[in-house]
Amino acid sequence: MAILDQKTHLFFSLVLCFLISLSPISSLSTVAISKTSNQTLVCALISSSSFPQQSSLNCTSFPQGIQIPLNPSVSFSGIVGGNGFLCGLTSSYSSSTSIMVCWRFSHNGTNLSYKRIYLGPLITNLDSGNSHICGIVNNRLECWQWHEFNSSNTSLITSNLAVGEDFVCGLLASGQIQCLGSFRNVTDTIPSGNYSEIASGSQHACAISKNNSLECWGNMVGEKPIGQFKSLALGDNRSCALKINGTVVCWGETGFGLPSSLSEERFETLEAKQDIFCGIVTANYSLFCWGNDIFNSNPAVFNGVQVVPGPCTTSCPCARLPNYETFCGQGLMVCQHCDRPESGVNPPIVNGSGPSPPPPLPPQPTPTPSQTSGRSGLWSRRNVTFLVVGCVGSLMMLSVLVILFFKYCKIRGCRVHDSGRLDEAGSPPQQGSQTSRVQDQQDTPQPPALEKRLSQLISIGNGGHLEEFSLQVLLQVTNNFSDEHKIGSGSFGSVYHATLEDGREVAIKRAEASASSSYAGGTKYRQEDKDNAFLNELEFLSRLNHKNLVRLLGYCEDNNERVLIFEYMNNGTLHDHLHRLESSPLMSWAGRIKVALDAARGIEYLHEYAVPAVIHRDIKSSNILLDATWNAKVSDFGLSLMGPQDDETHLSMRAAGTVGYMDPEYYRLQQLTTKSDVYSFGVMLLELLSGYKAIHKNENRVPRNVVDFVVPYIVQDEIHRVLDRRVPPPTPFEIESVAYVGYLAADCTTLEGRDRPTMTQVVNMLERALQACLATPILSRSNTDDSST
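Residues numbered from 1 in each chain as written. Predicted model: local features only at pLDDT ≥ 70, side-chain atom pairs only at ≥ 80, totals over all residues. Heavy atoms only, no water.

Draft legend 1. Here's a closer look at the packing of aromatic side chains. Applying the stated criterion to the full structure yields ten aromatic pairs. With a centroid separation of 4.8 Å and 65° between ring planes, the pair formed by F62 and F295 is classed as edge-to-face. Taken together, the residues F62 in strand β3 (residues 55-62) and F295 in helix α3 (residues 293-297) connect sequence positions 233 residues apart. A residue is classified by how much of its surface remains accessible, and F295, at 1% relative accessible area, is buried. Put simply, the rings of F256, F267, F277 and W290 touch in pairs and so form one group of aromatic residues. A cation sits over an aromatic face here: R592 above W589, 6.0 Å from the ring centre. Seen from the ring of F709, R704 lies directly overhead, with NZ or CZ sitting 3.6 Å from the centre. (Phe/Tyr/Trp six-rings, centres within 6.5 Å; stacked < 30°, edge-to-face > 60°. Helix = DSSP H or I, 4+ residues; strand = E, 2+ residues; numbered from the N terminus. Buried < 20%, exposed > 50% of the residue type's maximum accessible area, 1.4 Å probe, protein only. Lys NZ or Arg CZ within 6 Å of the ring centre and 35° of its normal.)

If you want it as structure tokens, here you go:
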């Protein structure tokens, strides 16, 4: 199996390298235009004199008023803008990751807010409309600020994104156009044929064919020009195109055209938003804009400074810009537009290899049929084959899971139970607390008595592999559950350490049963809660098996005694190592990230691979246990529940968990999803990084939440100010990984669950962080492309 996994990894790495060599010029823009009701913000990536081969972001507003706080040391690879927002993309080709941050502002530049909206695998294409943002991630279309749009099952777009008003277009690997969205005037009238570039305005789109002719559709105003073109920029009822010779032609409403002062100017690239158009001049890379009286009278926006003329990328489908080294780091280049018919296009230039023809480009020989098929036909066939096989396999797997789920529900009924507690696990609930129950949609009876449920669990085979211990044996090995054997508390009682007669070290969790269940008020419900917690752990752990989940060995049920026996975890809880022990081996960043990754893999198994899915509801550092070899395992399933059933997106539950770790959205809306566990895990990541408890006291002895205290430093790129000082300062190789984990923690603890990553995404990101943390000196691209477990 290991050999097979290595071959699979190698195969997909080769496929990825093949796709990189065939990928067209990235549709990342180095110029962005943002509009409000009365102001225009123009931003551009400027060649930095202070930081060679880096691009700093510069912005100016017309009229003045919008101030974007920028860090000149941060290098962006692309920027986009729209109505009241500006977004910047930073990409690391060495680690195959991208980060996208956005600034949002009101009409006069006030109420400025900053938020990072993406951290993950490399974004190779990015574009925005007036409201929406879309990008290509791992050959998949992803969109932000567009919650009602879902492209995951319909998009085959691989490059050249063009985002309009409620639609997005792009090119398939074959060069054909695909448009998705709700604006049918564009999506239903797509022209046929193969194209090299595409652009969109708010209600129309245009594309350049392989022979450089222009095709437009949708609600376009004006008559499209005739000629050969190499680039486009479309706005609202206005359009401009870049001719082969570098001059610009414009058309649209009220006779819109290029100002006469710019008619003879040669441009390298164009950008547009609504009624404003900007272009980078070929001669000196200055930026000129036009479209309203302000810009038409004084087009120079960034004059005498070098605006980066295109995105820095790893490969070029045609020719590189002659002096690309001025703008890009080692191994990256700026590409020129392919401005000749298909028969004259140069072979792709990858990683700086091969000659770079200086402009003007000489004629090139027509490639042979074998060359052509090797670059386009083979890619198309492989792409389609992978898509078909992937879709069929996914449908088959989904069908099997659905069948298993219904069989499971038919046997035992799908009910979930909620303890309703908000207090620390194991502490007494408040008087009058009640236990709420949620039943499935069928009219099932009330839960049977504890003994009947226990016997049913064993009879259907879920607990058949568990050992049933006698109470006498447990009393003997724990000296009648004496305090000297007690090592902690769980969701329904105390935990004891003992050694069995056969030499096995075990952890014994014993419910603190009340003397009678007839007490009034909270005592009755407390006993019922503990019975439910006991059965939850027994039920879930009897059918779950993963190396990062604590292993249940057996149980004991004797009158009022409810006891579970687990494998013993020699190195205690993560909480103790972070907050109680004077010295701990967990004093390295690699060690802490490894623990976080182990825990994330256990939670991912609960969410993605358990059938039905399990929501833990009490993820915290005290429920992460460490074995003799410092492997981390998730424990304490007393509050766990089965996930949403059928097409439901959440469970309506009274909130339960631990204060400080609990998802505020779950507490506020009483809607439980797997993203509630993600929030709790994010709090635990902040603990690992900062050394602060989830709820701790500040210097004035006032209680403070770790999320409120640490996350602002992370989003301001000042994580070094809140790192745990017990751990040696990160080395240059570690600091990027630590910051990466900080960004991940911030994402996990966002207020809205839909904005949080899944646990699968969390696992992938932590794998990347650990690899980078252990790498010396720098990871290559092939080391980080595949982050699957």
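Draft legend 2. Geometry of the environment of S75. With respect to the helices and strands, the residue S75 is situated in the loop between β3 and β4 (78-82). Residues S75 and S47, 28 residues apart in the sequence, show an inter-C-alpha distance of 9.8 Å.

Draft legend 3. Broad picture of the state of the cysteines. This structure, assessed with the given rule, holds eight disulfides. A sulfur-sulfur separation of 1.9 Å characterises the disulfide bridge that pairs C87 with C102. Its S-S torsion of approximately 105° makes the covalent link between C87 and C102 right-handed. Taken together, the residues span a long stretch of sequence, with C87 in strand β5 (residues 85-92) and C102 in strand β6 (residues 97-104) at a distance of 15 residues. The buried category is assigned to C87, whose relative accessible area is 1%. We classify C102 as buried; its relative accessible area is 0%. (Disulfide = S-S within 2.5 Å.)

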